[in-house]
Amino acid sequence: MSSLSRELVFLILQFLDEEKFKETVHKHDRSKAVEILVKDLKVFSTFNEELFKEITQLLTLENFRENEQLSKYGDTKSARAIMLVELKKLIEANPLFRDKLQFPNLKNSRLRTLINQRPNPDIKTLFVDHSCGQPNGARAPSPANNPLLGSLPKAGGFPPLGAHGPFQPTPAPVPAPLAGWMSNPSNVTHPAVSSGPIGLAASSIPAALKHPRTPPTNLSVDYPSGDSDHVSKRPRSMGISDEVNLPVNVLPVTFPGHGHNQTFSAPDDLPKAVARTLNQGSSPMSMDFHPVQQTLLLVGTNVGDIALWEVGSRERLVSKNFKVWDLSACSMPLQAALVKDPAVSVNRVIWSPDGSLFGVAYSRHIVQIYSYHGGDEVRQHLEIDAHVGGVNDIAFSHPNKQLCVITCGDDKTIKVWDATNGTKQYTFEGHEAPVYSVCPHYKENIQFIFSTAVDGKIKAWLYDNMGSRVDYEAPGRWCTTMAYSADGTRLFSCGTSKEGESFIVEWNESEGAVKRTYQGFRKRSLGVVQFDTTKNKYLAAGDDFSIKFWDMDNIQPLTSLDADGGLPASPRIRFNKDGSLLAVSANDNGIKILANSDGIRLLRTLENLSYDASRTPEAPKPAINPISAAAATAAAATSAGLAERSPSVVPIAGMNGDARNLGDVKPRITEESSEKSKIWKLTEISEPSQCRSLRLPENMRVTKISRLIFTNSGNAILALQSNAIHLLWKWQRSDRNSNSKATASIPPQLWQPSSGILMTNDVAATNPEEAVPCFALSKNDSYVMSASGGKISLFNMMTFKTMATFMPPPPAATFLAFHPQDNNIIAIGMDDSTIQIYNVRVDEVKSKLKGHSKRITGLAFSHVLNVLVSSGADSQLCVWNTDGWEKQKARFLQVPAGRTPTTQSDTRVQFHQDQIHFLVVHESQLAIYETTKLECMKQWVPRESSAPITYATFSCDSQLVYASFLDATVCVFNAANLRLRCRINPSAYLPASVSSNVHPLVIAAHPSEPNEFALGLSDGGVHVLEPLESENKWGVPPPAENGSVSSMAATPPVGAPGSEQAQR
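The residue numbering used here restarts from 1 in each chain and proceeds along that chain's sequence as written. Given that the model is predicted, a residue must reach a pLDDT of at least 70 before its local features are reported, and side-chain atom pairs must reach 80 or more before they are shown or counted; all residues, however, enter totals for whole chains, interfaces and linings. In computing side-chain values, all of the structure's heavy atoms are included and hydrogens and water are not.

S.K.: Could you give me a rundown of the overall build of the chain, with the residues and numbers involved?
M.R.: Strands here mean DSSP runs of E at least two residues long; helices mean DSSP runs of H or I at least four residues long; both are numbered from the N terminus. Helices and strands together make up the secondary structure of the chain, namely 12 helices and 60 strands. Burial status follows relative accessibility: with a 1.4 Å probe on protein chains alone, a residue under 20% of its type maximum counts as buried, one over 50% as exposed, and anything between as partly exposed. Every one of the 1064 residues in the chain was classed for burial, and the buried ones make up 61%. Throughout, a contact is declared for two residues whenever any of their heavy atoms are within 4.5 Å. Put simply, 59% of the contacts in the chain that link residues at least 6 apart link residues at least 24 apart. Each accessible area is a Shrake-Rupley estimate made with a 1.4 Å probe; only the visible protein chains count as cover when residues are assessed. A total of about 39,600 Å² of accessible surface is found on the chain, and carbon and sulfur atoms cover 51% of it.

Following this line, the structure appears as structure tokens:
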């Protein structure tokens, strides 16, 4: 019965007359059994003889429930229910049935129309809305003849089981197709406030079309520049880039308090207090906050300057004037234009989704792409002579598993460029006026681009050469931008007409009509109004020398702020990722930063700190050393992920095999040095009063904690004990903890389902205490895959039920990691030194990787480089290509002199958020490696007399490394240079009554709080640690010249005397 799935056996039993079958088996009535087989099961023999033979083996059992796969068979009713669930999954997974399983919502008017067509009604009219058109909308289209979808090839093959299966390559999108776009433009003459039904059928399109952009704020004081006769005369603006290109399967985690259904107190929740005023030096034209480091603001100005501000410290980290990098490579029209008039303006600045690149679109032909490496380190990456005339917009997208730059311009075209080398991939022609904005987007395997032109036309393009699929009028019929709410559920657009009439509208995607039009604009706006969205709750727009706010559910303005005065007529605005800060352009070349209470706390931590370049980096540097050319190319090519379904912010593969999305990681306060301090001193925490520490409650005497992880939502901790039992602690929502976030301030509950069952791994004949436990958590926190020396088990995290077991030993699994693009693919490290690439859905080992000589102790995927890095108890690192699973490089760790690794010494690996460098943890050292060359960039080695390292992990933003030691000390390092900044002694979190032998075995970092981590102890305890709220960080980084720690300006060879030594 080995090849039969349990579900298939259930199905087989439905073919049998169950009572007769049981009676036959129990009575050993062979002739009757043969009769049943011939009559009921002969169908199986025709297409699978092997299956038919296996079925006959059922007759040899005294009780068919003795068979392992039939042991849970209850009765006909329960078996049929199980089968219906499985068949439903198969049907929903079949692409031929996609979008055809949900009956459409029908208006009463449609049914009435059908009835009135007697005697020959046409059933198809049910699918066309015949109700009278409303002022703000027109008829919804029939999905049957949609030209945008008509030329698409049908997907072949069966995908994974999708939303109903435990192994989800992507969370299943809402089943509505893109078919809401009308197949033909409406014949109705649209009033100025109306738009042809864009009709994006109810979708899970992630968070944004692109960020809205507007032309210059005040037409009377506009700065004409460039050689455009059209666009340069209009205001410009930036948009909502942090939501751009968010993939369907990685929708941002909506923390309670930010959710769409949460109740807000508008005065407190909106950023309304002027917290900073910056002097840019020239008029800001476009602004964008960094998607991860949320106090970094990128600015482009009317004279072509770009600047990068750390708004917390008011420091301008980067300032660059416009300069053509390679004039000889530019077209003759551009060279001639620059000679005639060198004036150039920035039309748009935008970060790539992971913040590793940013693009600048200029009013003259040119697009420049920079790579950002932290602090003030900005490098030239690409310069593209993109359009004849001005480049009006720029966006990042990643169709066909490759990062692209999309531009539009005065030459009425949209162009797609390879972000690695700048080669042109597509040119889209069809607009009859300069193209004002582009919105790359992704929906249900269809990747496309929206574009708007200054004649008010909206068009949609697939990545092919088949021309535009859509042609509609935008509200205002001039400058229009569109944006989704952060969770991708609500679509808005903002447009201004040439007469100055401005509109913000919400679209009813399923009906293809305007759902509501927001009130409160000045009757004649001075310039093009620009808008932004935040928290799935609010809209904001710059109008009438102020910022106006709306609740998304109310067409009347919520409030209006003048930011203490000094704003232009139509100020440019930009929220940061979590909506705690709002950048607003001001008169006299200024920028005002508005903040709510969270934003003020965020800025206050930097208020009295300065960045002294001679003492410490001005900001954290996520890139450890200059990245090799090959790695830089790979990073640029795929910085936003392999495809639009991949995380918009690079996930960090945890050492427990989980994958995290950084979209909601709160900004970590950047590395600071004390403004006053002359002598740096290591921060020592030795008393419980010096930090926040919480030991989680226990209901039973537990054994040591072998594995530990925060759930991706950040509100629970999962632990695996050495006795193969899992423990789950959940934080509940309360007045003191409104978002139910895991915290050391409030104790959680040790949670169990009402059934009282425990998640217990299969245990082999050996002692589970001697096994090597491992687990990995699914991205949606619904399932955990785990092993403790026996079979691998799949558990439902809600019910604790075992969903499946597979791969019995030997060999036994010692490490598990989900493939970043497909949760059906699992890399399984084994105790026989092999790595098996296993497809769960088809129950098949696709590849077996051999290269280590001892058990596998670590696995980490990089979806940027398309590699798997493995580590073993043999102290070896291997890099495998994930396309063909060939080994690319291998290298042994050099154990420092005087250190003899134990036989059980593990080597663990974890990727930095840049997906190019990775952390290596060994009892003798911490090290940062660059992947493409497998070179050690930084190393830290404890003193010979110090206790060995037991575990280490990156913080969620990769700016810190938390490391634990055998003497129960915990050290906090700067990840950029592996310099020690804080030491937490055992007395700070362990009571005096605890044995001196107790120490942390594992560390887990919170998925969105960079300064929070948890320890799993050898006595079975789990402790959560956070710094004091007054500190909000673990210590202060040492200045570079401090003699206690070498400067590490040049990386010494691994194991060389110059390697970092701990002061422990």
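On we go from here.
S.K.: Describe the pairing of strand β59 (residues 1022–1027), listing the residues and the values that go with them.
M.R.: The element β59 is largely enclosed, with a buried count of six among its six residues. Covered by surrounding structure in β59 are V1022, V1024 and E1026 together with H1023, L1025 and P1027, the residues of both alternating faces. Pairing between strand β32 (residues 691–695) and β59: five bridges, direction antiparallel. Within β59, the residue paired with R692 across the bridge is E1026. Being paired, for any two strands, means DSSP has found at least two bridges between them. The sheet contact formed by strand β58 (residues 1013–1017) and β59 spans four bridges and is antiparallel. Among the inter-strand pairings, G1016 is bridged to a residue of β59, identified as V1022. Linkage of β58 to β59, two consecutive antiparallel strands, is achieved through a turn of four residues, within which G1020 is found at a positive phi near 90°.

S.K.: Explain the sheet that holds strand β3 (residues 296–301) residue by residue, including any values.
M.R.: Spatially, β2-β3-β4-β5 is the arrangement adopted by the four strands of the open sheet, whose pairing is antiparallel. The sheet is open, and its two edges are formed by β2 (284–289) and β5 (315–320), each paired on a single side. Pairs of neighbouring strands in the sheet enclose a mean axial angle of 20°, with direction left out of account. As defined by bridge partners, β2 adjoins β3 across five bridges and the pair is classed as antiparallel. Note on definitions: angles span 0 to 180 degrees between N-to-C directions of axes, and those axes are lines fitted to C-alpha atoms, for helices only across the stretch in contact.

S.K.: Describe unusual backbone geometry, naming the residues involved and giving the relevant values.
M.R.: Cis peptide bonds are those with omega within 30 degrees of zero, and the linkage from P809 to P810 qualifies with -10°. With respect to the helices, strands and loops of the structure, P810 is situated in the loop between β40 (802–806) and β41 (813–818). With an omega dihedral of -10°, the bond running from P810 to P811 counts as a cis peptide bond. As for its position among the elements, P811 is in the loop between β40 and β41.

S.K.: Quick one: what's the story with the pattern of salt bridges, residue by residue and with numbers?
M.R.: Basic side-chain nitrogens of Lys or Arg form a salt bridge, by our definition, when they fall within 4 Å of a carboxyl oxygen of Asp or Glu. On inspection of all chains with the given rule, the structure shows 19 salt bridges. We note a salt bridge from E506 to R490, for which the minimum N-O separation is 2.9 Å. Here E506, found in strand β20 (residues 502–508), pairs with R490, found in the loop between β18 (479–484) and β19 (491–496); they are 16 residues apart in sequence, far enough to count as distant. The pair E506 / R490 is uniform in exposure class, with both members buried. Residues K548 and D543 are paired through a salt bridge, measuring 2.8 Å at the closest nitrogen-oxygen approach.

S.K.: Quick rundown of the nonpolar core? Include the residues and the values.
M.R.: In terms of nonpolar packing, the biggest core is built from 38 residues, with L708, I717, I984, Y989, F1013 and W1034 touching the most fellow members. Top contributing element to this core by residue count: β58, with four residues. Ignoring any residue separated from it by four or fewer positions in sequence, one finds F1013 in contact with F710, Y962, V970, I984, I1003, A1004, A1005, H1006, H1023, V1024, L1025 and W1034. Note on terminology: a nonpolar core comprises buried Ala, Val, Leu, Ile, Met, Phe, Trp, Tyr and Cys residues joined through side-chain atoms within 4.5 Å. The next biggest cluster of nonpolar side chains, apart from the first, holds 22 residues, and it includes I306, L317, F322 and V346.

S.K.: If you had to explain a nonpolar patch on the surface to someone new, which residues and values would you point to?
M.R.: The patches reported here contain residues having more than 30% relative accessible area and no salt bridge. Joining distances are 9 Å for like charges and 5 Å for nonpolar side chains (Val, Leu, Ile, Met, Phe, Trp, Tyr). The grouping of L84, L87, L90, I91, L96, F97 and L101 at the surface amounts to a nonpolar patch, some 630 Å² of accessible area in total. Inspection of the secondary structure puts L90 in helix α6 (residues 76–93).

S.K.: Account for the packing of aromatic side chains, with residues named and values stated.
M.R.: Geometry of aromatic contacts follows a simple scheme: Phe, Tyr and Trp rings, the Trp one being its six-membered ring, pair when their centres are within 6.5 Å, and the pair is stacked under 30 degrees between planes, edge-to-face over 60, tilted otherwise. Evaluation of the coordinates by the stated rule reveals 20 aromatic pairs. When the centroid spacing of 5.1 Å and the interplanar angle of 80° are considered together, the rings of W325 and Y370 count as edge-to-face. With W325 in the loop between β5 and α10 (332–340) and Y370 in strand β8 (residues 366–372), this pair connects stretches of sequence that are 45 residues apart. Judged by relative accessible area, which is 3%, Y370 ranks as buried. Where W351 meets Y372, the ring centres are 5.4 Å apart and the plane angle is 70°; that geometry is what we call edge-to-face. Taken together, the positions of W351 in strand β6 (residues 346–351) and Y372 in strand β8 put the pair 21 residues apart, joining distant regions of the chain.

S.K.: A description of the sheet that holds strand β39 (residues 792–796) should follow, citing residues and the corresponding values.
M.R.: The strands making up a sheet associate through backbone hydrogen bonding, with each pair oriented either parallel or antiparallel. Pairing within the open sheet is antiparallel, and its four strands lie in the order β37-β38-β39-β40. The two strands at the open ends of the sheet, each matched to only one other strand, are β37 (774–777) and β40. Taking the axes of each pair of neighbouring strands and ignoring which way they run, one obtains an average angle of 15° across the sheet. Sheet analysis places strand β38 (residues 783–787) next to β39, joined by four bridges and oriented antiparallel. For V784, the partnering residue across the bridge sits in β39 and is F795.

S.K.: How would you explain the state of the cysteines if you had to name every residue and give the values?
M.R.: By definition, a disulfide links two cysteine residues through a covalent bond between their sulfur atoms. Defined by distance alone, a disulfide is two cysteine sulfur atoms within 2.5 Å. Taken as a whole, this structure holds zero disulfides when the rule is applied. Not part of a disulfide, C408 finds its nearest cysteine sulfur in C439, a span of 9.1 Å. With no disulfide of its own, C691 has C982 as its nearest cysteine by sulfur position, at a separation of 8.5 Å. You can call C691 buried: its relative accessible area is 5%.

S.K.: Which residues make up the confidence of the model for the chain, and what values do they have?
M.R.: Summarising the model, the chain shows a mean pLDDT of 74, and 67% of its residues fall at 70 or more. This model gives residues 658–677 a pLDDT under 50, and the stretch forms 91 contacts once residues within four places in sequence are excluded. Per-residue confidence from the predictor is reported as pLDDT, a score between 0 and 100. The model gives residues 1041–1060 a pLDDT under 50, and that stretch makes 36 contacts with residues more than four places away or in other chains.

S.K.: Lay out α6 in plain terms, naming residues and giving numbers.
M.R.: In an α-helix, one full turn covers 3.6 residues, which means residues spaced three or four apart are oriented alike. Taking 1.5 Å of rise per residue, 18 residues should cover 26 Å, and α6 covers 26 Å from first to last C-alpha, within 8% of that figure. Of the positions making up α6, those classed as buried are A79, M83, E86, K89 and A93. Each buried residue of α6 lies within a common arc of 115° when the element is viewed along its axis, so the set occupies one face. Exposed residues on α6 whose side chains face more than 90 degrees from its buried face are K77 and L84. Take the number of residues in a helix, subtract one, and multiply by 1.5 Å to get its expected span. The arc refers to the directions leading from the helix axis to the C-beta atoms.

S.K.: I'd like to hear about the environment of S319, residue by residue, with values.
M.R.: Secondary-structure assignment places S319 in strand β5. Note: C-alpha distance between S319 and L298 (21 residues apart in sequence) is 10.0 Å. Leave out the neighbours within four places in its chain, and S319 touches I306 and A307.

S.K.: Can you explain the pairing of strand β7 (residues 357–362)? Please cite residues and give values.
M.R.: Taking burial as the measure, the six residues of β7 include six buried ones, the bulk of the element. Side chains L357, G359 and A361 project from β7 onto one buried face, and the interleaved F358, V360 and Y362 project onto a second face that is buried too. In this sheet, β7 lies alongside β6 in antiparallel orientation, the contact comprising five bridges. When the bridges of β7 are listed, I350 appears paired with G359. With antiparallel pairing between neighbouring strands as the criterion, β6 and β7 make up a hairpin whose turn holds five residues, including G355 at a positive phi of roughly 80°.

S.K.: Requested: an account of α10, with residues and values cited.
M.R.: Residues of α10 that are buried: L334, A337 and L338. Taken end-on, α10 shows its buried residues confined to a sector of 95°, consistent with a single buried face. Exposed residues on α10 whose side chains face more than 90 degrees from its buried face are M332, V339 and K340. Residues of α10 that are buried sit in contact with β8 and β9 (378–385).

S.K.: Which residues make up the environment of D544, and what values do they have?
M.R.: With respect to the element layout, D544 can be found in the loop between β23 (538–543) and β24 (546–551). With 22 residues separating them along the chain, D544 and R522 place their C-alpha atoms 6.1 Å apart. Apart from the residues lying within four places of it in its own chain, the contact partners of D544 are R522 and A569.

S.K.: Mind laying out the side chain of D551, listing which residues take part and the relevant values?
M.R.: For D551, the position within the fold is in strand β24. On the basis of relative accessibility, which here comes to 15%, the residue D551 falls in the buried class. For the purposes of these results, a polar contact is taken to be a pair of N or O atoms within 3.5 Å, where, inside protein, one atom must be able to donate a hydrogen and its partner to accept one; residues adjacent in sequence count only when each atom of the pair is a side-chain atom. Side chain to side chain, D551 and K537 meet in a polar contact 3.1 Å long. With residues up to four places along the chain from it excluded, the contact list for D551 reads Y518, K537, Y538 and L558.

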